[in-house]
Amino acid sequence: MAKILVIGAAGQLGIELVLALQAKHGVEAVDVSDIRVPSNERVMRSRFMHLDATDEGAVHKVLEEGRYHAVYHLAAMLSATGEKKPIAAWDLNMQSLLNVLEAAKEGWVDRVFWPSSIAVFGPESPKKSVAQEALLDPTTVYGISKQAGEYWCRYYHEKYGVDARSIRYPGLVGHRSAPGGGTTDYAVEIYHAAAEGMPYTCFLRADQALPMMYMDDAVRGTLELMEAPSEAIQVRTSYNLGAMSFTPGEVANSIQQHLPNFQVHCEPDHRQIIAESWPESVDDGAARADWGWEPKVLLPEMTTIMLDALGKKTHAAVH
Ligand code: AKB
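Conventions and cut-offs
- Residues numbered from 1 in each chain as written.
- Predicted model: local features only at pLDDT ≥ 70, side-chain atom pairs only at ≥ 80, totals over all residues.
- Heavy atoms only, no water.
- Buried < 20%, exposed > 50% of the residue type's maximum accessible area, 1.4 Å probe, protein only.
- Helix = DSSP H or I, 4+ residues; strand = E, 2+ residues; numbered from the N terminus.
- Pairing = 2+ DSSP bridges.
- Contact = heavy atoms within 4.5 Å.
- Axes fitted to C-alpha atoms, helices over the stretch in contact; angles between N-to-C directions.
- Parallel < 35°, antiparallel > 145°, perpendicular 65-115°, else oblique.
- Left-handed = near helix turned anticlockwise from the far one by under 90°.
- Domains from an automatic or database assignment.
- Buried area = accessible area lost by both parts, 1.4 Å probe.
- Salt bridge = Lys/Arg side-chain N within 4 Å of Asp/Glu carboxyl O.
- Phe/Tyr/Trp six-rings, centres within 6.5 Å; stacked < 30°, edge-to-face > 60°.
- Near = heavy atom within 4 Å.
- Polar contact = N/O pair within 3.5 Å; in protein donor to acceptor, adjacent residues only side chain to side chain.
- Areas by Shrake-Rupley, 256 points an atom, 1.4 Å probe, with all protein chains shown as cover.
- 1 Å grid on protein atoms, 1.4 Å probe; cavity = no way out; pocket = protein on both sides within 12 Å on 5 of 7 lines; lining within 4 Å.
- Sits in = over half its atoms within 2 Å of the grid points.

*Asks:* I would appreciate a short explanation of the pairing of strand E9 (residues 210-214) in the present structure.
*Replies:* The side chains of a regular strand alternate, first on one face of the sheet and then on the other. The buried fraction of E9 is high, at 5 of 5 residues. Residue alternation in E9 divides its side chains into two sets, Leu210, Met212 and Tyr214 and Pro211 and Met213, and both sets are buried. Alignment of strand E7 (residues 171-173) against E9, held across 3 bridges, turns out to be parallel. Each residue of the ladder has a partner; that of Gly171, found in E9, is Met212. Both E9 and strand E11 (residues 244-246) contribute to a ladder of 3 bridges, which runs antiparallel. Across the sheet, the residue bridging to Leu210 is Phe246, located in E11.

*Asks:* Got a minute to help me understand the environment of Tyr151 in this structure?
*Replies:* Here Tyr151 is to be found in helix H5 (residues 141-160). Spatially, the C-alpha atom of Tyr151 lies 39 Å from that of Ala193, the residues being 42 residues apart in sequence. Ignoring anything within four residues of it in the chain, the contact list for Tyr151 reads Leu136 and Thr237.

*Asks:* Help me understand the sheet that holds strand E1 (residues 4-7), please; the structure alone is not making it clear to me.
*Replies:* Whenever strands of a sheet pair, they do so through backbone hydrogen bonds, lying parallel or antiparallel. With parallel pairing, 7 strands are arranged side by side in an open sheet as E3-E2-E1-E4-E5-E6-E10. Since the sheet does not close on itself, it has two edges, and those belong to strand E3 (47-50) and strand E10 (239-240), each with one partner. Two elements, E1 and strand E4 (residues 68-73), share 4 bridges in a ladder whose sense is parallel. Each residue of the ladder has a partner; that of Val6, found in E4, is Tyr72. Contacting E1, strand E2 (30-34), E4 and strand E6 (163-169), helix H1 (residues 12-25) runs over the sheet at an angle of about 170° to E1. On the sheet, helix H4 (residues 86-105) packs against E1, E4, strand E5 (109-117) and E6 and is oriented at approximately 155° with respect to E5.

*Asks:* Any chance you could explain the packing of H1 against helix H7 (residues 215-227) here in plain terms?
*Replies:* Angle between the axes and distance between the axes: these two values describe a pair of packed helices. Contact geometry of H1 with H7 gives a least axis separation of 10 Å together with a crossing angle of 60°. Overall, the two elements H1 and H7 adopt an arrangement that is oblique. Judged by the sense of rotation from one axis to the other, the crossing of H1 with H7 is right-handed. Listed contacts from H7 to Gln12, Leu13, Glu16, Leu17, Ala20, Leu21 and Lys24 of H1 are Met215, Asp216, Val219, Thr222, Leu223 and Glu227.

*Asks:* I'm lost on the domain arrangement of the protein chain in this one. Help?
*Replies:* Where the parts come together, the accessible area they lose is often given as the size of the interface. As assigned here, the protein chain comprises domain 1 (4-170 + 215-240) and domain 2 (173-211 + 243-281 + 297-318). A straight line from the C-alpha centre of domain 1 to that of domain 2 covers 25 Å. Together, the buried faces of domain 1 and domain 2 total about 2,100 Å²; carbon and sulfur atoms form 53% of this surface. In terms of surface lost to domain 2, no three residues of domain 1 exceed Gln12, Ile118 and Lys127, which account for 28% of the buried area on that side. At the junction of domain 1 with domain 2, the criterion picks out 3 salt bridges.

*Asks:* What is the right way to look at the packing of aromatic side chains in this model?
*Replies:* Aromatic ring pairs: the centre-centre distance and the angle between the two ring planes describe each pair. For the structure shown, the criterion picks out 10 aromatic pairs. A centroid spacing of 5.6 Å and a plane angle of 85° characterise the contact between Trp152 and Tyr155, whose relative ring orientation is edge-to-face. Placement of the pair is Trp152 and Tyr155 together in helix H5, with a separation of 3 residues, close to one helical turn. Judged by its relative accessible area of 32%, Trp152 is partly exposed. Of the aromatic side chains, those joined through ring pairs into one cluster are Trp152, Tyr155, Tyr156 and Tyr160.

*Asks:* I'm lost on the site of the ligand in this one. Help?
*Replies:* In the region of the ligand, the neighbouring residues are Leu78, Ser79, Ser117, Ile118, Tyr142, Gly182, Thr183, Thr184 and Trp278. In the model, an oxygen atom of the ligand is placed 2.5 Å from a nitrogen or oxygen of the Ser79 side chain. Measuring from an oxygen atom of the ligand, one finds a side-chain N or O atom of Tyr142 at 2.7 Å. When the ligand is considered free in solution it has 260 Å² of accessible area, and contact with the protein chains removes 94% of it. A molecule is said to occupy a pocket when more than half its atoms come within 2 Å of that pocket's grid points, and by this definition the ligand occupies the largest pocket.

Here is the structure:
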């Protein structure tokens, strides 16, 4: 059986990816690891290994023994937390990636997935429909680590033939897991507040547009990229991936179509500066052309799905 490992399985994307991989390949085919135990019981049906991804010896032991077909390496510190702990963010984001790439170079892993982000763009990059090859200008430590990581992935591919693949994710919005430490986290928190019948105080300006994606689209896109034949992957840094672009005001409006009394108030904090440095939307033509990327869910449908799923959870918790 071709085995898969998810490193960073307790995070927002980790939980969702594990659930999708389990559904597709079976619980036995997926191993999961993190420095903390994932809170999701269904994730824990797979074999769990406690793993500090910065520990080279520990990572190499797991990968040499596991001989995985694919490793999804998601462990990272995100943009907002990274600004509070810049050196720790750099150490985690870079060392862990190098540990996995070195293991792949040894031939212990066939395929590596590593997430990049819209955070590789910055004030000097274009703002709208940012091209795949546009100027990268990261201003956060997180963004700098993603830019460097993209070039490390390409370097290992070109020098050693490592099959590393990557996506520049926008903000991800899903109901099965919580984000932590990101600038786009508001777009998940706002739905939780609405479903609980609470007002929401947003840490970004009401008119701050950012690229966003519904989680199921992001997970499907990730699996499609990983299943594509190697020759199709022309971009060995990281693919732009687009779906929608919206502001906090627009999400609030979309929620108010369902819950007219929902209230949002904006008190921008340090995360506003980060958001302002990022693009509003990206051009994902390369992902569409190379491996058939196509987003399916846009804001109105996402709002219906999110409120429905979170409303059921709130209802179940109260009764
Ligand atoms: C963050 O906000 O830091 C992340 C990202 C866009 O990469 N969600």
